[in-house]
There are 2 protein chains.
Amino acid sequence: MRQSKLFTKTRKEAPADEIAKNAELLTRAGFINKQMAGVYALLPLGLRVMKKIENIIREEMNTIGSQEISMTTLQDPEVWKKTDRWSDEAVDVWFKTKLKNDTELGLGCTHEEPITKMLTEHLSSYRDLPFSVYQIQTKFRNEPRAKSGILRGREFLMKDMYSFCSDEDSHNEFYEKSKIAYKNVFQRLGIGHLTYITFASGGMFSKYSHEFQTICPVGEDTIYLDEEKGIAVNKEVFDDEVLSSLGLDKSKMVEHKAIEVGNIFTLGKKYSEPLGLTFKNESSEDLSVFMGCYGIGIGRLMGTVVEALSDDKGIIWPESIAPFKFHLLALGESENVKKEANSLYDLLLSKGVEVFFDDREAMSAGEKFADSDLIGIPYRIVVSERSLKEGGFELKKRTEEKGKIVSQEELLKII
Amino acid sequence: MRQSKLFTKTRKEAPADEIAKNAELLTRAGFINKQMAGVYALLPLGLRVMKKIENIIREEMNTIGSQEISMTTLQDPEVWKKTDRWSDEAVDVWFKTKLKNDTELGLGCTHEEPITKMLTEHLSSYRDLPFSVYQIQTKFRNEPRAKSGILRGREFLMKDMYSFCSDEDSHNEFYEKSKIAYKNVFQRLGIGHLTYITFASGGMFSKYSHEFQTICPVGEDTIYLDEEKGIAVNKEVFDDEVLSSLGLDKSKMVEHKAIEVGNIFTLGKKYSEPLGLTFKNESSEDLSVFMGCYGIGIGRLMGTVVEALSDDKGIIWPESIAPFKFHLLALGESENVKKEANSLYDLLLSKGVEVFFDDREAMSAGEKFADSDLIGIPYRIVVSERSLKEGGFELKKRTEEKGKIVSQEELLKII
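Source: prediction; values computed, not measured. (Residues numbered from 1 in each chain as written. Chains lettered and ligands numbered in written order. Predicted model: local features only at pLDDT ≥ 70, side-chain atom pairs only at ≥ 80, totals over all residues.)

**A short note on the sheet that holds strand β4 (residues 74–75) of chain B**
Residues and elements named next belong to chain B. Filter applied, for reference: A pair of strands is labelled paired if DSSP reports no fewer than 2 bridges between them. Helix and strand assignments come from DSSP, with helices taken as H or I runs of at least 4 residues and strands as E runs of at least 2, each series counted from the N terminus.
Across the sheet, which stays open at both edges, the 3 strands sit in the order β4-β6-β5 with antiparallel pairing between neighbours. The sheet is open, and its two borders are formed by β4 and β5 (95–98), each paired with just one other strand. As defined by bridge partners, β5 adjoins strand β6 (residues 104–107) across 4 bridges and the pair is classed as antiparallel. When the sheet's bridge partners are listed, T97 is paired in β6 with L105.

As structure tokens, this is what we get:
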């Protein structure tokens, strides 16, 4: 894409009311636009990143056989009353609205209830189990405060998956598969080295749930990490009994602030029983389905990558989710530079390479470099009078201080 | 995909409360699930169709240079008060909700205001113009009645595009381009032959707007069509003066019921003036931007295809948006049939062919044929003892009465 055609502009200063680094950088670089606290629109560069994150998650969920669906935002109270989760006392983040005839509706903050109910129309036999469904869908949560940019939104994109098994053993098998899928997601997103599986409080059907926590100073959670074993424990369950049950040594556990980027949870029959999601076993007995749920905050993940990997010049996108792989900069007003840069741009496009071409006129080299660092595309290619004199283009990684001159042939090899 | 793994089941009867054919067929075939009147979840087959429709629209909008963004559902009243569209008297389909601190918010029913406001942060010079943005995003409209299935939803997916030009001439140029893009969309979706550009009432800045109307008995609109010229006029502006200004002959105009699947509209300065979206011209004067808007109801399109192209056995998907291209049916319990069907399935997958494999056990040929007709995949391939004896597989189009036996080689050629 030609940068001269992109309607967004970078800006030097963050909006005065923005205190979170992720929102500050993403706003200055033109990825997002604040609509109100905790509610951000995605501009073209931001949408490109979000779609790449979505696709990585989609691939990993498909790999473990999960089936994609898309539930709705508008929620019928009757379904939620059956599990006692309609009242504001039970779920304190409901947004509620009304039909013209005054019927109260909710905006989906999670989807256990409607998915469980929907499945009562499709599930009948043990032969239908196990299976799982997931969606990549917008959630609404009426957070009292929303000052963390896209780390804690009132409206945000989430991947939520739900599994349905005949018994706990079958559930545990899928639960373990989901852990691997989750690890793959965070690895592919470039934050695998900072993200740890973390024991957290469970529920009626399981002693623990598991969170995926990314170490980051702005995280809202506190975890204790045994780095050698790669296992962490959330502060909420960090006591001697838990440590001994997990075979962990308190003296090796180091305290960190962390962002919860994912969680997986054994639900058991918590929702299937009140909503009547049953199946017939081999002896034609009706049994309640054993469920699990598995969340990843997609907007939060994007914010976490920005918080964890940026530097004082701007964002540093991992290649897997960068809006483009290459940022091609044409410097100066020389016709020769313009010609060479345009021809390289066309060549890269013809090779199917994702390239963002800074072809803007009347802009200094310093301004173009600053914008490029702020936007954070992994590789920068500079075409200038000097680079051409030296035999080609200057190629530099966003994470490196200095670039090197490469010829067109060398560049194509690297690509 | 193996049908035995798909969690949805077809059903013989439609839900008792469903009176619209589109929702009836889509529910029976397992594409959608009703959450409440006008609010439908997408199940795996439905989501596949929806994503294909989205991608066709995305490609056509990208082709005319539009840039994709994604605005939010939650709406700040302040922005809408500036254009006098916050009150229920002005816009009678608002869903409204509240923050914890009692601040009232809206759920987006359209996005002229927030997009115009967002652009005030990015647009400054005539050199930035013209450009356009679009989104594929969920809209919420508090319809008093919602009995038409997915033809008129309270929550539905829409493509809305907005153009920004320095003057009316530049606007008209983009407006004409958008007409071609829209025609391409409907053509590619298989309803081009039923869809006509239709003159409808304009606004302050233009005598007419243009609708794209698909002829269909369940349509809510009435249009008068000159089939020879391929031009229609909406009943709302159908009078002698309009006909003469368009050079149309009343005696050739035939009345039809039709579904409005898209519309394009000249907005002029209606939103840019109150929201202060200006640019500096060559003489550094501040001028208001000249805008247009361009909508396509994506959920409605899916419903229109079902209404317009189904028969008494079920849905008939055009190849471009079918959930799969081929429906492979293994009939009977013979091990040889199972082996041959499985090996054909693997072969088709290895060729990158989209195939839905009915590998379900203990199900009669009649049941499998009925399901296949209901689901509406364009090509059916049957593997049975008989087909194998006759030298291969039976290939039949969904729209044809009889199939023919083809060998594996012949089949691969057709693919």
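**As for the domain arrangement of chain A**
Quite often, the size of an interface is put as the accessible area lost when its parts meet. Condition: Where each domain starts and ends follows an automatic or database-derived domain assignment.
Structurally, chain A comprises domain 1 (21–309) and domain 2 (324–414). Between the C-alpha centres of domain 1 of chain A and domain 2 of chain A the distance comes to 40 Å.

**A closer look at the pairing of strand β6 (residues 104–107) of chain A**
All names here are of chain A. As paired elements, strand β4 (residues 74–75) and β6 share 2 bridges and run antiparallel to each other. Across the sheet, residue L74 finds its bridge partner in β6, namely L107. Linking strand β5 (residues 95–98) to β6, which pair antiparallel, is a turn of 5 residues; within it D102 sits at a positive phi near 80°.

**Comments concerning the interface of chain A and chain B**
Quick note on the threshold: We call two residues in contact when the distance between their C-beta atoms, placed using the backbone, is within 7 Å. In the scheme used here, Gly and all other residues not listed as nonpolar or charged are polar, with Ala, Val, Leu, Ile, Met, Phe, Trp, Tyr, Cys and Pro taken as nonpolar and Asp, Glu, Lys and Arg as charged.
In this assembly, 38 residues from chain A lie in contact with 39 residues from chain B. Of all the secondary structure elements, the ones that give two or more residues to the side of chain A that touches chain B are β1 (32–36), β2 (39–42), α2 (44–63), β3 (67–68), β5, α4 (112–119) and β7 (131–140) of chain A. Of the residues assigned to the side of chain A that touches chain B, the class counts are 19 nonpolar, 11 polar and 8 charged.

**Some remarks on helix α10 (residues 365–375) of chain A**
Residue and element names in this part refer to chain A. Our working definition: Exposed residues have 12 or fewer other C-beta atoms within 10 Å of their own C-beta, buried residues have 20 or more, and residues in between are partly exposed; the C-beta atoms are placed from the backbone.
Regarding α10, the residues found buried are K368, D371, S372, D373 and I375. As for α10, its buried residues are in contact with α2, β17 (326–330), β18 (355–358) and β19 (379–383). Within two residues after α10, G376 carries a phi angle of roughly 85°, on the positive side.

**A closer look at the environment of F212 of chain B**
All names here are of chain B. Assignment of secondary structure puts F212 in strand β10 (residues 206–215). For F212 and I197, which are 15 residues apart along the polypeptide, the C-alpha to C-alpha distance reads 4.7 Å. Sequence-distant contacts of F212, that is, excluding residues within four places in its chain, are made with Y182, F186, T195, I197, T198, V261, G262 and N263.

**So, the relation of the copies chain A and chain B**
The following threshold applies: All copies are superposed by least squares; the fitting set is the C-alpha atoms of residues with a pLDDT of at least 70 in both.
Rotating chain A by 180° and translating it 0.0 Å along the rotation axis places it on chain B, where the RMSD comes to 0.0 Å. Taken together, the rotation and translation describe the operation of a two-fold axis. When each C-alpha of chain A is compared by its distance to the rotation axis, T97 of chain A comes out closest, at 2.5 Å. Most of the interface of chain A is mirrored in chain B, where 100% of its interface residues again form contacts.

**Here's the deal with unusual backbone geometry**
Here the residue pair L129 of chain A and P130 of chain A is connected by a cis peptide bond, since its omega of -10° sits within 30 degrees of zero. Tracing the backbone shows P130 of chain A in the loop between α4 and β7. Positive phi, normally seen in glycine, also occurs at D102 of chain B, with a value near 80°. Positionally, D102 of chain B belongs in the loop between β5 and β6.

**Details of the sheet that holds strand β20 (residues 393–397) of chain A**
All names here are of chain A. The cut-off we apply is this: Axis lines are fitted to C-alpha atoms, over the contacting stretch for helices. Their N-to-C directions set the angle, which ranges from 0 to 180 degrees.
An order of β18-β17-β19-β20-β21 is seen for the 5 strands of this open sheet, with the pairing classed as mixed. Each edge of the sheet is formed by a strand with only one pairing partner; in this case those strands are β18 and β21 (404–406). The average undirected angle you get between the axes of adjacent strands in this sheet is 25°. Its contacts with the sheet put helix α9 (residues 335–350) on β17, β18, β19 and β20, and the angle it makes with β17 is roughly 160°. In the packing of α10 onto the sheet, contacts are made with β17, β18 and β19, and the angle to β17 comes to roughly 170°.

**A few points about the environment of D169 of chain A**
Residues and elements named next belong to chain A. Relative to the helices and strands, D169 is located in helix α5 (residues 168–188). Exposure remark for D169: the 9 C-beta atoms within 10 Å place this residue in the exposed category. Between the C-alpha atom of D169 and that of F290, which follows or precedes it by 121 residues, the distance is 9.7 Å.

**Observations concerning the confidence of the model for chain A**
For clarity, the cut-off: Per residue, pLDDT measures the predictor's confidence, with a range of 0 to 100.
Model confidence for chain A is summarised by a mean pLDDT of 96, while 100% of its residues fall at 70 or above. Interface scoring of the predicted complex returns ipTM 0.97; its pTM is 0.97.

**Observations regarding the packing of helix α2 (residues 44–63) of chain B against helix α8 (residues 298–309) of chain B**
Think of two packed helices as two axes; the pair is described by the angle between the axes and how far apart they sit. All names here are of chain B. As a reminder, the rule being used: Comment on the angle field: the value is read as roughly parallel under 35 degrees, roughly antiparallel over 145, roughly perpendicular from 65 to 115, and oblique elsewhere. Left-handed describes a crossing in which the near helix is turned anticlockwise from the far one by less than a right angle; the clockwise case is right-handed.
At a minimum axis separation of 10 Å, α2 and α8 run at an interaxial angle of 115°. The pairing of α2 with α8 is recorded here as roughly perpendicular in orientation. Here α2 runs over α8; the crossing is right-handed. Taken together, the residues of α8 that come into contact with α2 (itself represented by V49, M50, I53, E54 and I57) are I298, L301 and M302. In the contact of α2 with α8, the residues fall into 7 nonpolar, no polar and 1 charged.

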